[in-house]
Amino acid sequence: MRIPLYTKDALTGMARVIIPQGGWTSLRKAELRALLAEQLQNSDELKGIVDDLSDDERQALADVLANGGVLAWETFDERYGNDLEESIYWHYRAPSSIMGRLRVRGLIVEATVDGELFVIIPTELRPLLTPLVE
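**Student:** What's the story with the overall build of the chain in this structure? I'm lost.
**Tutor:** Counting its secondary structure elements, the chain contains seven helices and three strands. Along the chain, helices (α) and strands (β) appear in the sequence α-α-α-α-β-α-α-β-β-α when read from the amino end. Against the compact-globule benchmark of 14 Å for 134 residues, the chain has a radius of gyration of 14 Å, which places it among compact chains. Projected onto its principal axes, the C-alpha coordinates of the chain cover approximately 40 × 30 × 30 Å. Every one of the 134 residues in the chain was classed for burial, and the buried ones make up 46%. Contacts in the chain between residues far apart in sequence, at least 24 positions, make up 56% of those at least 6 positions apart.

Written as structure tokens, this is what we have:
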């Protein structure tokens, strides 16, 4: 799994949520990115992450999955809101919006295709997430 290009600080914020037990603080950026990808693809770890989601967050994830793992950003925003008002410094303050909480957990990412912005579940996670949000 390829973790999108995030700053080291963003990856640190993600690690605090995805790997709360620690063990990652001394890693370099590439090592941390690889560890986060490994954790997200571990079905037991992923189950724990999904179990921590609220009902609304699960529903948002299920909606994106039901649409093939891709949903127009505007559609997601209309249904669940966005994280534009939240800090981008996840290592200081974890997001509280649905979009932000899913992003900091590595469950959704933003992508632009032909000038249109989408919310996307990484391809490698789609088959792993489907049974967890049903």
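**Student:** Just to check I follow, could you spell out the side chain of Asp-63 for this structure?
**Tutor:** Locating Asp-63 in the fold gives a position in helix 4 (residues 55-66). Separated by 2.2 Å, the side chains of Asp-63 and Tyr-80 make a polar contact. Once residues within four sequence positions are removed from consideration, Asp-63 is found in contact with Arg-79 and Tyr-80.

**Student:** Can you help me understand helix 5 (residues 73-80) in this one?
**Tutor:** Residues three or four positions apart in an α-helix share a direction because the helix packs 3.6 residues into each turn. For helix 5, the set of buried residues is Trp-73, Phe-76 and Tyr-80. Taken around the axis of helix 5, the buried residues stretch over an arc of 65°, which confines them to a single face. When the buried face of helix 5 is taken as reference, the exposed residues oriented beyond 90 degrees from it are Glu-74 and Glu-78. In this fold, the buried residues of helix 5 make contact with helix 4, strand 1 (70-72), helix 6 (98-104), strand 2 (109-113) and strand 3 (116-120). Following helix 5 by one or two positions, Gly-81 adopts a phi angle in the positive range, close to 90°.

**Student:** What should I look at first to understand the nonpolar core in this one?
**Tutor:** When a protein is soluble and globular, its nonpolar side chains tend to lie buried together. Counting residues in each nonpolar core, the largest one holds 41 residues, and the members touching the most others are Leu-61, Phe-76, Leu-102, Leu-107 and Leu-129. Among residues more than four places away in sequence, those in contact with Phe-76 are Ala-60, Val-64, Leu-71, Gly-81, Ile-98, Met-99, Leu-102, Ile-108 and Val-119.

**Student:** Teacher, can you tell me more about the pattern of salt bridges here?
**Tutor:** A side chain of one charge can pair with a side chain of the opposite charge when the charged atoms of the two come close. Inspection of every chain in the model, using the stated rule, returns seven salt bridges. Two residues, Arg-58 and Asp-51, come together in a salt bridge whose shortest N-O distance is 3.6 Å.

**Student:** So what exactly am I meant to see when it comes to the packing of helix 3 (residues 43-51) against helix 7 (residues 126-133) here?
**Tutor:** A pair of packed helices is captured by two measures, namely the crossing angle of their axes and the spacing between those axes. Between helix 3 and helix 7, whose axes approach to 10 Å, the crossing angle comes to 50°. By the criterion of interaxial angle, the relationship of helix 3 to helix 7 is oblique. In this structure, helix 3 meets helix 7 at a crossing whose hand is right-handed. Here Leu-46, Lys-47 and Val-50 of helix 3 come into contact with helix 7, specifically with Leu-128, Leu-129, Leu-132 and Val-133.

**Student:** I tried to follow a nonpolar patch on the surface on my own but got confused; where do I start?
**Tutor:** Judged by side-chain polarity, Ile-88, Tyr-89 and Tyr-92 come together as a nonpolar surface patch covering roughly 430 Å² of accessible area. Take Tyr-92: it is sitting in the loop between helix 5 and helix 6.

**Student:** Sorry, what's going on with the pairing of strand 2 here?
**Tutor:** Looking along a regular strand, one sees the side chains alternate between the two faces of the sheet. Strand direction decides the pairing type here: strand 2 and strand 3, joined by five bridges, are antiparallel. Counted as the bridge partner of Glu-110 is Val-119 from strand 3. Where strand 2 folds back onto strand 3 in an antiparallel hairpin, the turn is made up of two residues, including Asp-114, whose phi is positive at roughly 50°.

Definitions and limits used
Residues numbered from 1 in each chain as written. Predicted model: local features only at pLDDT ≥ 70, side-chain atom pairs only at ≥ 80, totals over all residues. Heavy atoms only, no water. Helix = DSSP H or I, 4+ residues; strand = E, 2+ residues; numbered from the N terminus. Rg over C-alpha atoms; globule rule 2.2 N^0.38 Å. Buried < 20%, exposed > 50% of the residue type's maximum accessible area, 1.4 Å probe, protein only. Contact = heavy atoms within 4.5 Å. Polar contact = N/O pair within 3.5 Å; in protein donor to acceptor, adjacent residues only side chain to side chain. Arc of directions from axis to C-beta. Core = buried A, V, L, I, M, F, W, Y, C linked by side-chain atoms within 4.5 Å. Salt bridge = Lys/Arg side-chain N within 4 Å of Asp/Glu carboxyl O. Axes fitted to C-alpha atoms, helices over the stretch in contact; angles between N-to-C directions. Parallel < 35°, antiparallel > 145°, perpendicular 65-115°, else oblique. Left-handed = near helix turned anticlockwise from the far one by under 90°. Patch = residues over 30% accessible without salt bridge, like charges linked within 9 Å, V, L, I, M, F, W, Y side chains within 5 Å. Areas by Shrake-Rupley, 256 points an atom, 1.4 Å probe, with all protein chains shown as cover. Pairing = 2+ DSSP bridges.

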